[in-house]
Amino acid sequence: MTVGAFSEWRKLPVSLSELCINTTLRCGQSFRWHNVPNSDEWRCVLHGKLLSLKQDPTYLYYRTYRPPKSDTNDNDDTTTLNLIKHYFNLTANLTDFYAQWSSQDPNFKKKAPQFTGIRILRQDAWEALISFICSSNNNISRISQMVEKLCIHYGSFIGTVDDRAYHDFPTPEALTGAEVEGRLRGLGFGYRAKYIYQTAVIVAKEREKGWLDGLCNPESPAFGVEPGFGGDMKPEGRDGYREAHEKLLELQGVGPKVADCVSLMGLGWGESVPVDTHVWQIAQRDYKFGKGAHKTLNKATYDAVGNHFRKLWGKEAGWAHSVLFTADLRTFSDRLASSKKSKLDVDVNVKEEKDDDVEVEAKVTTAVALKRSASDEGDGDEKKVKAEDDKETKEELNGIVNASQTTTTRRMSKRLRSR
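Note that the coordinates shown come from a computational prediction; the quantities given were computed from them, not determined experimentally.

Enquirer: What's the story with the overall build of the chain in this structure? I'm lost.
Expert: For the chain, the count of helices and strands is 15 helices and 11 strands. A buried classification covers 48% of the 419 residues belonging to the chain. Once local pairs closer than 6 in sequence are excluded, the contacts in the chain between residues at least 24 apart make up 70%. With the model as given, the accessible surface of the chain reaches about 21100 Å², and the carbon-plus-sulfur share is 49%.

Next up, the structure:
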C-alpha cells in the first residue's frame, strides 16, 4: 500500500503560559485530537490537513501529512501556519488576559496559576455544533468516541499513519441520507442520532449556504475571512451574540448550554458562558449563587450566572470561565493537589517570646491524588440520562483527592534551638 509522509518539523515561538496544548486539547472543547501513544504528539485533521503537534517550554512544533504524489510549496506551509494561528486563537495575549481576570476576581487568581496556557479554540462552526449535540448527557470520552465514529463513517479519508486511519469531519450534506439516523443509532448514538440527522437536513437543505458561518463574531470570523467590528458590549452580551444564540436554538438537539458552547468555541463569541451543572456548582461554591431566587438552575438562574461572569470578566468571560471549568475537571485534579502539596508541604513559623523561649508552630499539609480516568469526566448533565440510554451504566469514580492538615505548637528554649 502506498502511504504518504509527514513534512519536517517546523516551529512557532510560543511559551507554555501563552498556549499549553496538553491542557487546551483535553478540556472538553474539541473531541478529535489524538494523543499518539507513549509520546507528547497530538494529531488531528483540520480543513483537510492532517496536522501533528508537539510542544516544549518555548516552541510549538508542527508538521503536516503529505499524501503520496502530492505537490507541496511555500504557500502550503504558509497556509498551515496561518491555520494553526487561527485555530489556537494566537493573536490575543493570554498573559495579559490572565492578569486582567486575576485583578478582577480573587477566585480566578487562586486557580489560574496551575492552569496557564488555556486558549479558546476557533473551531469550524459545523463541527462544534454537531460535537456539542453529542455532548448532551455525556462525558468527554464517549463524546470523543462518537465524533470519531462520525468521521470514520461519513468523513473524507485523509490517510493512514501508524495503522490509524484519519478522516476529516463530515459535511452537513454527508449526514442527510435517509439511512443516517438508523445507522447512528446502531453505532450507539441513542436519541442524539435523530438530532444530528435533523440538524444536518436543516443546515444543508433549509438554510442558505454559509448560514452557520454567518453567525460568527465578525471579530473572530471563519478561517480565511477578514475580521470586522463585533458590536458594543452589553450586560447580556453583544447583539450579534444574542442573535446567534437564538438562531442556534431553532436547531434540533440544541438547548441554551449547547448554543452557548457553539457560540463560544465555534462562532467566536467570547462573552458566551455555557452553564452546565459543573459551572453551576462553581457558581454556588465560589460566587454565592444557590440562595434566594437562585436556588436551582433554571432559565433565570442560567442567565444570571452568565451576566454575573460577563460583568466580572468582560467580553472574554467565556474564556475565563473555561479556565475555571478546566480547573474543576477531575481529569486535572492532580494539579491542584500537587500544587497544594508543594506549596503547603511544611510551613514553619517561629515566634520569639520573652527572653529565653520561642514558640514553634509547624503546619503540615498532605494532599493525596489518586488517578482518575478521563472517561469519568462528564459535561455535568449525566444524571439526566434519557430512557433510550438506560443500558448505559453509570461509571464509578476512580479516584479521590483528600487533603489533611495538622498543626503542632510547642515551646523550645533558645539554647536548645541553637544547637
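Now that the structure has been shown, the text picks up again.
Enquirer: Can you help me understand the confidence of the model for the chain in this one?
Expert: Should pLDDT be low for a region, the predicted coordinates there are not to be read in detail. Chain-level pLDDT for the chain is 83 on average; 77% of the residues reach the 70-or-more range. Throughout residues 341–377 the model reports pLDDT below 50, and contacts reaching past four residues in sequence, or to other chains, amount to 104 contacts. This stretch, residues 379–419, has a pLDDT under 50; its non-local contacts, to residues over four places away or in other chains, come to 95 contacts.

Enquirer: Can you walk me through the environment of Thr58 in this structure?
Expert: Position of Thr58 among the secondary structure elements: in the loop between strand 5 (49–55) and strand 6 (59–66). A C-alpha to C-alpha distance of 8.6 Å links Thr58 and Leu12, two positions 46 residues apart in sequence. In contact with Thr58, not counting residues within four places along its chain, are Leu12, Pro13, Val14 and Ser15.

Enquirer: What is the right way to read unusual backbone geometry from this model?
Expert: Only a minority of non-glycine residues have a phi that is not negative, and only a minority of peptide bonds are not trans. Look at Asn89: it is not a glycine, yet its phi comes out positive at around 55°. Residue placement: Asn89 occurs in the loop between helix 2 (74–87) and helix 3 (94–104). Classification of Asn89 by relative accessible area gives buried; the value is 13%. Non-glycine residue Asp163 carries a positive phi angle of around 65°.

Enquirer: Can you help me understand the packing of aromatic side chains in this one?
Expert: Both the distance between ring centres and the angle between the ring planes are used here to describe each pair of aromatic rings. Applying the stated criterion across every chain, the model contains 18 aromatic pairs. An angle of 50° between the planes, with centres 6.0 Å apart, marks the rings of Trp33 and Tyr87 as tilted. Residue Trp33 is located in the loop between helix 1 (21–24) and strand 3 (34–35), and its partner Tyr87 is located in helix 2; the two are separated by 54 residues in the primary sequence. Looking at Trp33, the relative accessible area reads 9%, which means it is buried. Pairing Tyr98 with Phe108 gives two aromatic rings, centres 5.4 Å apart and planes at 75°, and the pair type is edge-to-face. Taken as a pair, Tyr98 in helix 3 and Phe108 in helix 4 (residues 106–111) lie far apart in primary sequence, 10 residues in all. Like Tyr98, the residue Phe108 is buried in the burial classification. Site record: aromatic cluster; members linked through ring pairs are Phe97, Tyr98, Trp101, Phe108 and Trp319.

Enquirer: What is the right way to look at the packing of helix 9 (residues 239–248) against helix 10 (residues 256–265) in this model?
Expert: Where helix 9 meets helix 10, the closest approach of the two axes is 9 Å, and the angle between their N-to-C directions is 130°. Between helix 9 and helix 10, the crossing angle belongs to the class labelled oblique. Judged by the twist between their axes, the crossing of helix 9 over helix 10 is right-handed. Across the interface between the two elements, Tyr241, His245 and Leu248 from helix 9 touch Pro256, Ala259, Asp260, Val262 and Ser263 from helix 10. Taken together, the residues of the contact of helix 9 with helix 10 break down into 5 nonpolar, 2 polar and 1 charged.

Enquirer: What should I look at first to understand the environment of Gly190 in this one?
Expert: Relative to the helices and strands, Gly190 is located in the loop between helix 7 (180–186) and helix 8 (192–206). Along the chain, Gly190 and Cys134 lie 56 residues apart, while their C-alpha atoms are 9.8 Å from each other.

Enquirer: Quick question: what am I supposed to make of the pattern of salt bridges here?
Expert: A pair can form between side chains of opposite charge whenever their charged atoms are brought close. Applying the stated rule across the entire model yields 19 salt bridges. Ionic pairing is found between Lys299 and Asp303, a salt bridge with its closest N-O pair at 3.0 Å. With Lys299 and Asp303 both in helix 12 (residues 299–313) and 4 residues apart, the pair spans about one turn of that helix.

Enquirer: What is the right way to read helix 8 from this model?
Expert: For an α-helix, the turn length of 3.6 residues means that residues three or four places apart are oriented alike. Between its first and last C-alpha atoms helix 8 spans 20 Å; for 15 residues at 1.5 Å apiece the expected length is 21 Å, and the two agree. Of all the positions in helix 8, only Arg192, Ala193, Ile196, Thr199, Ala200, Val201, Ile202 and Val203 are classed as buried. Those residues of helix 8 hidden inside the fold are in contact with helix 5 (125–134), helix 6 (140–154) and helix 7.

Enquirer: In this structure, what is going on with empty space enclosed by the protein? I would like to understand it.
Expert: If you roll a probe as big as a water molecule over the atoms, it shows you where there is empty space left. Applying the stated criterion to the full structure yields 2 cavities of 30 Å³ or more. Elements with a minimum of two residues in the lining of the second largest cavity: strand 4 (42–46), helix 6 and strand 8 (164–167). Broken down by element, the lining of the second largest cavity gets its largest block of residues, 4 residues, from strand 8. Residues that form the lining of the second largest cavity fall into these classes: 6 nonpolar, 2 polar and 4 charged.

Enquirer: Explain the state of the cysteines to me, please; I cannot follow it from the model alone.
Expert: Working definition: the covalent bond between the sulfur atoms of two cysteines is a disulfide. What the rule picks out here adds up to 0 disulfides. In this structure Cys44 is not part of a disulfide, and its nearest cysteine sulfur, from Cys151, lies 7.8 Å away. When its relative accessible area of 1% is taken as the criterion, Cys44 is described as buried.

Enquirer: How do you make sense of the side chain of Asp260 when you look at a structure like this?
Expert: Its place among the elements puts Asp260 in helix 10. Within polar-contact distance, the side chain of Asp260 engages the side chain of His245 at 3.5 Å. If near-sequence neighbours (up to four positions away) are discounted, Asp260 is found in contact with Tyr241, His245, Ser272, Val273, Pro274 and Tyr302.

Scoring rules and cut-offs
Residues numbered from 1 in each chain as written. Predicted model: local features only at pLDDT ≥ 70, side-chain atom pairs only at ≥ 80, totals over all residues. Heavy atoms only, no water. Helix = DSSP H or I, 4+ residues; strand = E, 2+ residues; numbered from the N terminus. Buried < 20%, exposed > 50% of the residue type's maximum accessible area, 1.4 Å probe, protein only. Contact = heavy atoms within 4.5 Å. Areas by Shrake-Rupley, 256 points an atom, 1.4 Å probe, with all protein chains shown as cover. pLDDT = per-residue confidence, 0-100. Phe/Tyr/Trp six-rings, centres within 6.5 Å; stacked < 30°, edge-to-face > 60°. Axes fitted to C-alpha atoms, helices over the stretch in contact; angles between N-to-C directions. Parallel < 35°, antiparallel > 145°, perpendicular 65-115°, else oblique. Left-handed = near helix turned anticlockwise from the far one by under 90°. Nonpolar A, V, L, I, M, F, W, Y, C, P; charged D, E, K, R; others polar. Salt bridge = Lys/Arg side-chain N within 4 Å of Asp/Glu carboxyl O. Expected span 1.5 Å × (residues − 1). 1 Å grid on protein atoms, 1.4 Å probe; cavity = no way out; pocket = protein on both sides within 12 Å on 5 of 7 lines; lining within 4 Å. Points joined across faces, edges and corners; volume = space filled by probe spheres on them. Disulfide = S-S within 2.5 Å. Polar contact = N/O pair within 3.5 Å; in protein donor to acceptor, adjacent residues only side chain to side chain.

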